[in-house]
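Analysis of the macromolecular model
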Amino acid sequence: MANLTRQKEAMIRYFQDGCKPEGRLSLGLEVEHFLTHPDGAPAAFAEVQALLESLQQAGDQPILQDGEKMGVRSDAYLLTLEPAAQLEISILPQAGVGALMAVYEGFAARLNRAARPLGLRVWTLGYHPTRRAESLPLIPKKRYEVMDRYLQKRGRHGTQMMRGTASTQVSVDYFSEQDFVRKYRVACLIAPLLALLTDNAPIYEAQPNRSACVRTTIWNDVDPDRCGIPPMLMDADFGFEAYADYVLQKPLVVSRRGHRTEGVGRKSAFEVYPSALQREEIEQILSMFFFDVRLKNYIEIRVADSMPAGYIAGYAEVIKAIFSSPAAQESILRHYAGATVGSIEAAKLGVCCHGYQAQIYGHPVADEIAWLMAQAKSRISTPEARRRLEPLAALAAQKKTIREAIAL
């Protein structure tokens, strides 16, 4: 097992190098967008490539994969194409929500301006607004083709996950391994609350949807090896080594070396890669696991639906308020003392089945969201931050989801 030991050491060093200097928290943001024609027909791959071309500015670099243009890299963000041509913006970490939203809102305005001459409409929803997932073609990217075949054998919703879903992901810094463990556990514990707070799928499989947290339902049945809550979350020795040990020994599905992508099925990274893991290999391995909260060289919180900018801003303020305050995190850990991976999964199932009528962790979910919002509000001090939080806070106070509030 010497090879596994060396791989773990390399991955642990990668995580350790991700520790930021103790101080002010920075946040990153990823938002996925659906693109359709006015009649609901999905944008073709070539049309989305044309959109990328029009979004590329002076100094930006194209991202080429498998011989095709798959994205654009700028100084402030990356644009990439997801499996069924969802367009994702990944904004590099910013010191505050205001700076983060300035980048996103500036991009969103340019995106809408660029889409109109191409006859395209931009949507920020948790599920595709006009088509059943099985009718949406994959873009020509080998990683997605391999994943699609594999995941269809692992759960019932792999096709829907890849083609039909879109998310908002916020990432936060960690300052040490201990800080990572605390923040990661907190993020997993509140994941069911965040999923309900950002529920935004008014359409599901081309039909009006009245069920809560459709994206969470889908992700819960994709692949137990790489989705949901890591099984070792509450173990006493949970940390960088435990996370590395898990991802190195579970099926990798897709490997990448340089420009070469290969399907490796149920072989693990331990079996596929040499003992001396390079940075790009570590990042490929980590990218193949889709936990509700994912560790890279930052902590990525993945449970929110794609949503309009005003709600993204409020959600980011909640994340910033909680994860910039060790006191808030300790309060959450005390509040949910004794919670297990099983009880977190039960809470997720509860919000999917019953929405704001659910009982989670032994309490009404509406009360738990009110408590979480109070934790966030008490740590927000500026008028601008309070203004950004207000639309989402108002919905939570009314026990309504974004899905119920927006008009398509």
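The structure this text deals with has already been given above.
Keep in mind it's a predicted model, so treat the numbers as computed, not measured.

What follows is about the overall build of the protein. What the protein contains, in helices and strands, is 16 helices and 17 strands. In summary, the protein has a C-alpha radius of gyration of 20 Å against a globular reference of 22 Å for 408 residues, a match within 12%. In terms of overall dimensions, the protein has C-alpha extents of about 55 × 50 × 40 Å along its principal axes. Here the protein holds 408 residues, and 60% of them are scored as buried. A separation of at least 24 residues holds for 74% of the contacts in the protein among residues at least 6 apart in sequence. Surface exposure of the protein reaches about 16,300 Å², of which carbon and sulfur atoms provide 50%. Both charge centroids of the protein, one from 48 positive and one from 46 negative side chains, sit 2 Å from each other.

Right, let's talk about the packing of helix H3 (residues 97–115) against helix H11 (residues 309–323) for a bit. Where H3 meets H11, the closest approach of the two axes is 10 Å, and the angle between their N-to-C directions is 155°. Here H3 is positioned roughly antiparallel relative to H11, judged by the angle of their axes. Judged by the twist between their axes, the crossing of H3 over H11 is right-handed. Every residue of H11 that contacts H3 at Val 97, Met 101, Tyr 104 and Glu 105 is listed here: Ala 309, Ile 312, Ala 313, Ala 316, Glu 317 and Lys 320. Of the residues contributing to the contact of H3 with H11, the split by class is 7 nonpolar, no polar and 3 charged.

Below, the discussion takes up the packing of aromatic side chains. What describes a pair of aromatic rings is the distance from one ring centre to the other and the angle between the planes of the rings. Under the definition given, this model contains 20 aromatic pairs. Centroid distance Tyr 174 to Phe 240: 5.7 Å. Interplanar angle 55°. Geometry classified as tilted. Placement of the pair is Tyr 174 in the loop between strand S7 (167–172) and helix H6 (177–197) and Phe 240 in helix H8 (residues 240–249), with a sequence separation of 66 residues. According to the relative accessible area criterion, Tyr 174 is buried, its value standing at 0%. What makes Phe 240 buried here is its relative accessible area of 1%. Put simply, the rings of Tyr 14, Phe 15, Tyr 174, Phe 180, Tyr 184, Phe 238, Phe 240, Tyr 243, Tyr 246, Phe 289 and Phe 291 pair up and form one aromatic cluster. It is Lys 20 that lies over the ring of Tyr 174; its NZ or CZ is 5.8 Å from the centre. Above the face of the Trp 123 ring, Arg 121 is positioned so that its terminal group lies 3.6 Å from the ring centre.

With 21 residues, H6 extends 29 Å from end C-alpha to end C-alpha; this agrees with the ideal 30 Å at 1.5 Å per step. Roughly 50° is the biggest bend found in H6, and it falls at Ala 191, with proline Pro 192 one to four residues downstream.

With their axes 7 Å apart at the nearest point, H11 and helix H15 (residues 383–397) run at an angle of 105° to one another. Judged by the angle between their axes, H11 and H15 are roughly perpendicular. Mapping the contact onto sequence places Gly 310, Tyr 311, Ala 313, Gly 314, Tyr 315, Glu 317 and Val 318 in H11 and Ala 385, Arg 388, Leu 389, Pro 391, Leu 392 and Leu 395 in H15. Here the contact of H11 with H15 is built from residues that sort into 9 nonpolar, 2 polar and 2 charged.

The next subject is the environment of Ser 74. Its place among the elements puts Ser 74 in the loop between strand S3 (68–73) and strand S4 (77–81). Take Ser 74: its relative accessible area is 13%, and that puts it in the buried class. The spatial distance from the C-alpha of Ser 74 to the C-alpha of Pro 62 is 9.0 Å, given a sequence separation of 12 residues. Only 3.1 Å separates the side chain of Ser 74 from the backbone nitrogen of Ala 76, close enough to count as a polar contact.

Moving on, we come to unusual backbone geometry. The backbone of Ala 206 shows a phi angle near 70°, a positive value even though the residue is not glycine. By the secondary structure assignment, Ala 206 is in the loop between strand S8 (203–204) and strand S9 (207–208). For Ala 206, a relative accessible area of 31% gives the class partly exposed. Unusually for a residue other than glycine, Val 253 sits at a positive phi of about 75°. Locating Val 253 in the fold gives a position in strand S11 (residues 251–257). Looking at Val 253, the relative accessible area reads 2%, which means it is buried.

Positionally, Arg 185 belongs in helix H6. No salt bridge is formed by the buried Arg 185; the nearest opposite charge belongs to Asp 235, separated by 7.0 Å. Residues contacting Arg 185, with those up to four places away along its chain left out, are Leu 233, Met 234, Asp 235, Phe 238 and Leu 333.

Compared with an ideal rise of 1.5 Å per residue, which puts 15 residues at 21 Å, H11 spans 21 Å between its outermost C-alpha atoms and is within 8% of the ideal. Along H11, the residues classified as buried are Tyr 311, Ile 312, Ala 313, Gly 314, Tyr 315, Ala 316, Glu 317, Val 318, Ile 319, Ala 321, Ile 322 and Phe 323.

Conventions adopted
Residues numbered from 1 in each chain as written. Predicted model: local features only at pLDDT ≥ 70, side-chain atom pairs only at ≥ 80, totals over all residues. Heavy atoms only, no water. Helix = DSSP H or I, 4+ residues; strand = E, 2+ residues; numbered from the N terminus. Rg over C-alpha atoms; globule rule 2.2 N^0.38 Å. Buried < 20%, exposed > 50% of the residue type's maximum accessible area, 1.4 Å probe, protein only. Contact = heavy atoms within 4.5 Å. Areas by Shrake-Rupley, 256 points an atom, 1.4 Å probe, with all protein chains shown as cover. Lys, Arg positive; Asp, Glu negative; His and termini not counted. Charge placed at Lys NZ, Arg CZ, Asp CG, Glu CD. Axes fitted to C-alpha atoms, helices over the stretch in contact; angles between N-to-C directions. Parallel < 35°, antiparallel > 145°, perpendicular 65-115°, else oblique. Left-handed = near helix turned anticlockwise from the far one by under 90°. Nonpolar A, V, L, I, M, F, W, Y, C, P; charged D, E, K, R; others polar. Phe/Tyr/Trp six-rings, centres within 6.5 Å; stacked < 30°, edge-to-face > 60°. Lys NZ or Arg CZ within 6 Å of the ring centre and 35° of its normal. Expected span 1.5 Å × (residues − 1). Bend = angle between axes of the 7 residues up to and from the residue. Polar contact = N/O pair within 3.5 Å; in protein donor to acceptor, adjacent residues only side chain to side chain. Salt bridge = Lys/Arg side-chain N within 4 Å of Asp/Glu carboxyl O.

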